[in-house]
Amino acid sequence: MIERSLVLLKPDAVKRGLMGKILTRFEDAGFKIVGAKMTWIDKDFGKRHYADIAERRGEKVLKVLLNFMTQGPVMALCVEGINAVENIRKIVGGTEPKSALPGTIRGDFAHISFAYADKENKAIENLIHASGNVEEAKVEVALWFKESELHSYKTAYETHTF
Ligand code: AMP
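Right, let's walk through the structure included here. (Residues numbered from 1 in each chain as written. Predicted model: local features only at pLDDT ≥ 70, side-chain atom pairs only at ≥ 80, totals over all residues. Heavy atoms only, no water.)

1. A word on the sheet that holds strand β4 (residues 128-130)
With antiparallel pairing, the four strands of this open sheet are ordered in space as β2-β3-β1-β4. The outermost strands of the open sheet, each flanked by one partner alone, are β2 (32-39) and β4. Between one strand and the next, the sheet's axes are offset by a mean angle of 20°, whatever the strand orientation. Across three bridges, strand β1 (residues 2-9) lies against β4 in antiparallel orientation. From the neighbouring strand, L8 faces β4, where its bridge partner is H129. (Pairing = 2+ DSSP bridges. Helix = DSSP H or I, 4+ residues; strand = E, 2+ residues; numbered from the N terminus. Axes fitted to C-alpha atoms, helices over the stretch in contact; angles between N-to-C directions.)

The following block contains the structure:
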């Protein structure tokens, strides 16, 4: 039941100075951050992370997505908690910010639509990636983090050291 999920604050989140606000959403919900680093990926690494995207969304989406994901650094997080994968997707909201519900990260901090992204020939800039299911989370955490970069520790709530 305790799971770890990979969360990426995409280049738009970093450039817009939203890292803190987004991270706070997860901390406020009681999740534990067990890994965090800033990294600037290249297209080869992007292809490894989005290995199935061409199949699911088409070659054009893969191309614009790689351009987007390599245009600046991302903040990679490993987030731990109860049913973390499903719970984090709920907090993140749907892929298209235009239709993502208010109260979700994408609904509150972005508003781009599929139609606009298509017209501009760019990716949906939706601030954040979160693993889609538990199996995917395991593969993605292992891709982005070395074992030594992941930390097991007790929060103040677990140790009552206030
Ligand atoms: P997915 O794994 O299906 O959520 O897609 C990965 C990412 O690709 C999304 O979070 C968006 O940033 C981007 N994306 C997905 N579909 C489209 C699309 N039709 N047009 C532009 N960007 C897209």
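So much for the structure itself; the text now carries on.
2. Re the site of the ligand
The full set close to the ligand counts 14 residues, and K10, R56, R57, I124 and N126 are the nearest of them. Between the ligand and N126 there is a distance of 2.8 Å, counted from an oxygen atom to a side-chain nitrogen or oxygen. Starting from 480 Å² of accessible surface for the ligand in isolation, the protein chains cover 87%. Taken atom by atom, the bulk of the ligand overlaps the largest pocket. Going through the elements one at a time, α4 (53-57) and α5 (59-69) are the ones with two or more residues in the shell around the ligand. For the shell around the ligand, the leading source of residues is α4, giving three residues. Tallied by class, the residues present in the shell around the ligand amount to seven nonpolar, two polar and five charged. (Near = heavy atom within 4 Å. Polar contact = N/O pair within 3.5 Å; in protein donor to acceptor, adjacent residues only side chain to side chain. Areas by Shrake-Rupley, 256 points an atom, 1.4 Å probe, with all protein chains shown as cover. 1 Å grid on protein atoms, 1.4 Å probe; cavity = no way out; pocket = protein on both sides within 12 Å on 5 of 7 lines; lining within 4 Å. Sits in = over half its atoms within 2 Å of the grid points. Nonpolar A, V, L, I, M, F, W, Y, C, P; charged D, E, K, R; others polar.)

3. What about unusual backbone geometry?
Although it is not a glycine, N83 adopts a positive phi angle of roughly 45°. In this structure, N83 sits in the loop between β3 (74-82) and α6 (84-92). The phi torsion at H160 lies on the positive side, around 55°, for a residue other than glycine. The class for H160 is exposed, based on a relative accessible area of 61%. (Buried < 20%, exposed > 50% of the residue type's maximum accessible area, 1.4 Å probe, protein only.)

Don't take any of this as a statement about function, it's just geometry.
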